[in-house]
Amino acid sequence: MWDYCANSLDVARLRGATYGDVRAMHIRQRNLTTKNRQVGTLGQTESVGLGIRVIVNGAWGFASTDQLTRDGVAGCAAQAVTIAKASAVAKKQGVRLVPEATYVDSWQGPCLKDPFEIPLAAQLDLLLAADAAIHKVKGVTLSETDMQFRKIDSWFASSTGSKIHQRRVISGCGLVATSFKNDAIQKRSYPNSFGGQHILGGYELIESLDLLKHARQTAEESVALHSAPQCPTKTGTIILGGSQLGLQIHESVGHPIELDRVLGQEANFAGTSFLTLDQLNRLRYASPIVNVVADARSEHGPGLGTFAYDDEGVPAQCIDIIKEGQFRGYLSSRETAALIGLHRSGGTMRAESWNRLPMIRMTNVSLRPGSWTFDNLLADTDDAILMETNRSWSIDDRRYQFQFSTEIGWEIKGGKKTRMVKNPSYSGITTEFWNSCDAICSADHWVLWGTPNCGKGQPMQTMGTGHGASPARFRNVKIGSAFSNQ
Amino acid sequence: MRLPAKNRTARARGDHAQTPELRGEKVLYGIIDRVLRLAKSRRIPETEVEVDEVVDTLTRFANNTIHQNVAEHSLTVSIRAVVDGRTARVSTNRLDEDSLAAALEDAAFLAASQPRDPHLLPMLGKHRYHRVRRFVPATAKLSADERARAVKQACDLAERKGQVAAGIFSSGQNQIILGNSRGLLASYRQTHSAFSVTMHHGAAASWAKANVADIRRLHPVDLAKTASEKAARAQNPVELVPGKFTVILEPAAVLDLVGFLFYDFAATAVHDKRSCLSGRVGKRLFGKNIGITDDAYHPEQLGAPFDGEGLPRKKVALVHQGVVEQLVYSRRSAKRGRTRPTGHGFALPNEYGEAPMNLVVAGGTTSLERMIACTDHGLLVTRLWYIREVDPYEKLMTGMTRDGLFLVEKGKITGAARNFRFNQSILEMLRNVECLGPARRSSGEEMFEMVVPPMKVRNFNFSEVTKF
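Peer 1: Summarise the overall build of chain A; cite the residues concerned and give the values.
Peer 2: Helix and strand counts for chain A stand at 10 helices and 23 strands. The C-alpha radius of gyration of chain A comes to 24 Å, within 12% of the 23 Å expected for a compact globule of 486 residues. Once the C-alpha set of chain A is aligned to its principal axes, its extents read approximately 70 × 55 × 40 Å. Nonlocal contacts in chain A, meaning residues at least 24 apart in sequence, comprise 76% of its contacts between residues at least 6 apart. Just so you have it, chain A exposes about 16,000 Å², and 48% of that area is on carbon and sulfur atoms. Taking the 51 positively charged and 47 negatively charged side chains of chain A as two groups, their mean positions are separated by 3 Å.

Peer 1: Hey, could you go over the overall build of chain B for me, with residue numbers and the actual values?
Peer 2: In terms of regular secondary structure, chain B is built from 11 helices and 19 strands. Compactness check: chain B gives a C-alpha radius of gyration of 24 Å against a globular reference of 23 Å for 468 residues, within 12% of the reference. In terms of principal-axis extent, the alpha carbons of chain B reach across some 75 × 65 × 35 Å. By the burial criterion, 66% of the 468 residues in chain B qualify as buried. Counting only contacts in chain B whose residues sit at least 6 apart along the sequence, the fraction spanning at least 24 positions is 74%. Accessible area for chain B stands at about 17,700 Å²; split by element, carbon and sulfur atoms hold 49% of it. Across chain B, the mean location of the 68 positive side-chain charges is 4 Å away from that of the 51 negative side-chain charges.

Peer 1: Please set out the pairing of strand E3 (residues 59–65) of chain A residue by residue, giving values where relevant.
Peer 2: The side chains of a regular strand alternate, residue by residue, between the two faces of the sheet. With respect to burial, E3 of chain A is a largely interior element, 7 of its 7 residues being buried. Of the two faces of E3 of chain A, the one holding Ala59, Gly61, Ala63 and Thr65 of chain A and the one holding Trp60, Phe62 and Ser64 of chain A are both buried throughout. Bridge count for strand E2 (residues 38–56) of chain A against E3 of chain A is 7 bridges, and the pairing is antiparallel. Looking at E3 of chain A, one finds that valine 56 of chain A is bridged to alanine 59 of chain A. With antiparallel pairing between neighbouring strands as the criterion, E2 of chain A and E3 of chain A make up a hairpin whose turn holds 2 residues, including asparagine 57 of chain A at a positive phi of roughly 55°. Sheet topology note: the E3 of chain A/strand E2 (residues 65–82) of chain B ladder contains 4 bridges and is parallel. What sits directly across from alanine 63 of chain A, in E2 of chain B, is alanine 71 of chain B.

Peer 1: Quick rundown of the sheet that holds strand E15 (residues 365–367) of chain A? Include the residues and the values.
Peer 2: All names here are of chain A. Across the sheet, 4 strands lie side by side as E12-E11-E10-E15; this open sheet has antiparallel pairing. Every other strand in the sheet has two partners, leaving strand E12 (326–327) and E15 as the edge strands with one partner each. Sitting on the sheet, helix H6 (residues 242–254) touches strand E10 (292–295), strand E11 (318–323) and E15, and the angle it makes with E15 is about 120°.

Peer 1: Quick rundown of the interface of chain B and chain A? Include the residues and the values.
Peer 2: Contacts between the two partners involve 88 residues from chain B, matched on the other side by 86 residues from chain A. Interface area for chain B against chain A, summed over the two sides, is near 7,300 Å², with a carbon-plus-sulfur share of 50%. Along the contact surface separating chain B from chain A lie 8 salt bridges. Of the charged contacts, one joins lysine 478 of chain A and glutamate 464 of chain B as a salt bridge, the two residues approaching to 3.8 Å between their closest N and O atoms. Along the contact surface separating chain B from chain A lie 48 residue pairs in polar contact (both at pLDDT 80 or more).

What counts as what
- Residues numbered from 1 in each chain as written.
- Chains lettered and ligands numbered in written order.
- Predicted model: local features only at pLDDT ≥ 70, side-chain atom pairs only at ≥ 80, totals over all residues.
- Heavy atoms only, no water.
- Helix = DSSP H or I, 4+ residues; strand = E, 2+ residues; numbered from the N terminus.
- Rg over C-alpha atoms; globule rule 2.2 N^0.38 Å.
- Contact = heavy atoms within 4.5 Å.
- Areas by Shrake-Rupley, 256 points an atom, 1.4 Å probe, with all protein chains shown as cover.
- Lys, Arg positive; Asp, Glu negative; His and termini not counted.
- Charge placed at Lys NZ, Arg CZ, Asp CG, Glu CD.
- Buried < 20%, exposed > 50% of the residue type's maximum accessible area, 1.4 Å probe, protein only.
- Pairing = 2+ DSSP bridges.
- Axes fitted to C-alpha atoms, helices over the stretch in contact; angles between N-to-C directions.
- Buried area = accessible area lost by both parts, 1.4 Å probe.
- Salt bridge = Lys/Arg side-chain N within 4 Å of Asp/Glu carboxyl O.
- Polar contact = N/O pair within 3.5 Å; in protein donor to acceptor, adjacent residues only side chain to side chain.

Right, here's the structure in full:
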């Protein structure tokens, strides 16, 4: 691969590129699903290719190919140069990148048990057994399970001399019980909705989840929801479970801090951000107990946003986003850092595959744990709704106004978890919501959740992001408005 | 697309780099032959091979300048093996003999590793297909330089108006060839191009988009003008109290909302009781003015005339005069339902079955202008954003208005309104449609392209307002 990388960079330089970086990737993926005690999807994909990004006449061009021959990569590099020259037709100012050192390195993410080495029959047996356990519960009308594994090798080389190889193994797994009764569909998922939990790691994730143990309770809750009262419509206190809070962080902190959005580069599709440059170090984003970091380093944990170098060859970093409630930082790239006068990129550029351009993506954007035990938090709460496991999510294109609903809710009365409620939802304005946070549970309850399906860019790229969170309490929140018209 | 004169000169000079071309069909047939021969030599009972080739390019602009400009060329070989009533699929983009053989063997191994599937059907034999012509050489040849010049025109327009433009200009071509060991052979190729533009005028914004097979029918500057004029009108929005409003939904808003119904028409979804149509087929669910068809042969549609197994697609009347009349079926769901398949199955194996991918919502004769003129108090909605399902059986959806929400009073647009969040059942909405405009191929940002009309809808539920 290094030869192809060097070859393409040489061609780009000879054709006039003043900067170039190239990323060859080999991606292997396995998908397994079951539905109603039968295998659903069973497949593997393998994709190998190379993408080269160049600056010519102060403008960007990118081309990619799966024709990994000397001629194939040379043609790809020439096409990238031609495209960059075309970009210069509508150029306002030349691209400037903040400096970065060169690195020659090889890194491998954590993976105790290679999922591609685990017998397929064992993987299917586990899913089918969990599926059967769900299906056995009376009232369940649809049982589903899934596992996904990816092994990603990438070779990054730049015209400034960096050569970085990285290997990342990603594993994901989950189950869902659905119950249709009396004109309503209720659903419960474990350990999270929309595919379960996902980490940078191997089959050890699947073993740690103990699907069989949780299948029955998950299924029973999906049926019980039909008999539960509707979540009330009111303004009050909510406690969010960790996975739901992870998505809340993703949507109302992670996206608005992307500097490409802030600078208008995503205005046509993903949108812009309320966090305009004048807000940095001035905005009280949240209450003083709230601390959020964007941390791609291994020491943060095996998240979907963990790596050694981003796809511009910048080392993984930990950046303060919200410190004691104050807005402190953006997610940046070498180009956007230069545009706002930062001296270094935050190292957040990532691409979905070899045929996609790297762009600013969340790394692990996580809420630092607080000091409460979950039991003490409940005991301290007189009247609230505990909401767990995301069911729907939506936020405006500047990331102010949001609405989430969850699969299940529980009334908290007099410090105790009492009855189940169905169709819980809450909504609000981002900064008002985060400023209403008055309790965050401790590190004992903190989980680094994986969001595997973050969409951004044109053409659309799907990326995995990490969000560490523990349950937290929010006051004066609008509850139940999603269903207030029903 | 109307090319500027300067562009024609550049083309004459021949200083455009060649946009990569699709390989000839014979090359792809050759790959299928190679895999089927390998399968025969390994005595794999049934084998299906799908070859997909993609050449895509996209120029992206923001802040009145091009900031991303990309191209990709890829070819994927996807192999499905059937071994003793079991099936699995393996895909690769490595075309050498060893890699294809390894992919084939992996598919057979994966297939053999699972329990037998008693409902698995034998692969299809030969079929004849309706010919559709959706490959336009002019689109395939569009160069980066031509895209850049059109983008520059949009950016120049924005600058003249004191506005800021952002968007994309994409073009591409793709082909698919599907063959199997029972002699089926199906092929399809198409071109496509899209122009999407957002114009910011101070804090206000508006948007326009189109997606076509034939570049000669795409007019980027006209789209930029539309977005520009609407952005200028979207300034100084008033904050309205949330509640139920009469809304005039432009086609993109209709598409992105009504499009969320598409999988509900799958027989498998109804069987699995996760469709909002479970227990409702044959009933009048919508207003009498609502008709929905799936029609892969509609002149404004794109897409292959066969499904994931190679079965020819049929035109299916899903909703007629508000009554849910038919669903779409794969071969498997059709056998279970004791009916005939409609040619809407996904590639096997999968757990979702099938879906209509070429929806056509029947239009009416009321123009958008007439809808505005006959509205005493309402809102004109340009586009919707971040739409998600809140309740799957009532098809209750939430989302935001975006890029141009206009107040209509006494038959005229009188100003702009701050964006609203909606929580609205699609089923209820389609019972409240007062009038429809002409249906046309429409593009949104949340759902794939469909043919839909603008609609005037009463009692549309807005639950909250945002800050802009």
